[in-house]
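Chain by chain, the residues run as shown.
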Amino acid sequence: MNGIYLLLGSNLGDRLNHLRTAQKLLAENGIRTLNESSVYETEPWGKHDQSWFLNVVLQVETLLSPEDLLKQNLTIEMGMGRKREEKWGTRLIDIDILYYDDQTISSESLTVPHPAIQDRRFTLIPMVELRPGAKHPVSQLTQSELLAECVDQLVCKLTELRL
């Protein structure tokens, strides 16, 4: 897998504006978007009694290390008003590192590739849109193969929205 991929999601307020603001703040902090998926509206995963999400995957470039990228993402989330009150709860903004090139990282604060990529259609569908043949550095399955094997049946529908 070449490239750094981030998943952005929001299910509170003006969801699209939150995604756009996050992308702008990423750019202002040395994280430049090279490519972006379509925007998808997705059924909430993990906790179903909440509003649906808008999700988008960004391919980015940065000189930040994976750990510093995580710190920057968390700073942006907090600066935008995200509150971490409940696992899988509502989110004004969520910025996850999916892949950081072919690196595999397992630390107390960061796991790369994201450990749930293969379990979530809302991640795999936009990844397949961007890089269907790119291989997961651990399983060596392509994004398309991961999607074909994914048991998640939650709705992930393409929208006409763009960042």
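This text goes with the structure placed above it.
Residues numbered from 1 in each chain as written. Predicted model: local features only at pLDDT ≥ 70, side-chain atom pairs only at ≥ 80, totals over all residues. Heavy atoms only, no water.

**Describing unusual backbone geometry**
(1) Moving on: At the junction of Val-112 and Pro-113, the peptide bond is cis and its omega measures out at -5° in the coordinates.
(2) Moving on: Here Pro-113 is to be found in the loop between strand S7 (111-112) and helix H3 (121-130).
(3) Moving on: Backbone geometry at Asp-101 places phi at a positive 50°, although glycine is not the residue there.
(4) Moving on: A residue is classified by how much of its surface remains accessible, and Asp-101, at 31% relative accessible area, is partly exposed. (Helix = DSSP H or I, 4+ residues; strand = E, 2+ residues; numbered from the N terminus. Buried < 20%, exposed > 50% of the residue type's maximum accessible area, 1.4 Å probe, protein only.)

**A look at the pairing of strand S5 (residues 94-100)**
(1) Moving on: For S5, the tally of buried residues reaches seven of seven residues, placing the bulk of the element in the interior.
(2) Moving on: In terms of strand pairing, strand S1 (residues 4-10) meets S5 through six bridges, oriented antiparallel. Within S5, the residue paired with Tyr-5 across the bridge is Tyr-99. (Pairing = 2+ DSSP bridges.)

**So, helix H1 (residues 15-28)**
Side chains of residues three or four places apart in an α-helix project in the same direction, reflecting 3.6 residues per turn.
(1) Moving on: Taking 1.5 Å per residue as the helical rise, H1 with its 14 residues ought to reach 20 Å, and the 20 Å between its terminal C-alpha atoms agrees with that figure.
(2) Moving on: For H1, the complete set of buried residues consists of Leu-16, His-18, Leu-19, Ala-22, Gln-23 and Leu-26. Here the buried residues of H1 occupy an arc of 165° about the axis, which is enough to place them on one side. Of the exposed residues in H1, the ones pointing more than 90 degrees away from its buried face are Lys-24 and Glu-28.
(3) Moving on: Immediately beyond the C-terminal end of H1, within one or two residues, lies Gly-30, with a positive phi of roughly 80°. (Expected span 1.5 Å × (residues − 1). Arc of directions from axis to C-beta.)

Interpretation note: all reported values are geometric properties and have no functional meaning in isolation.
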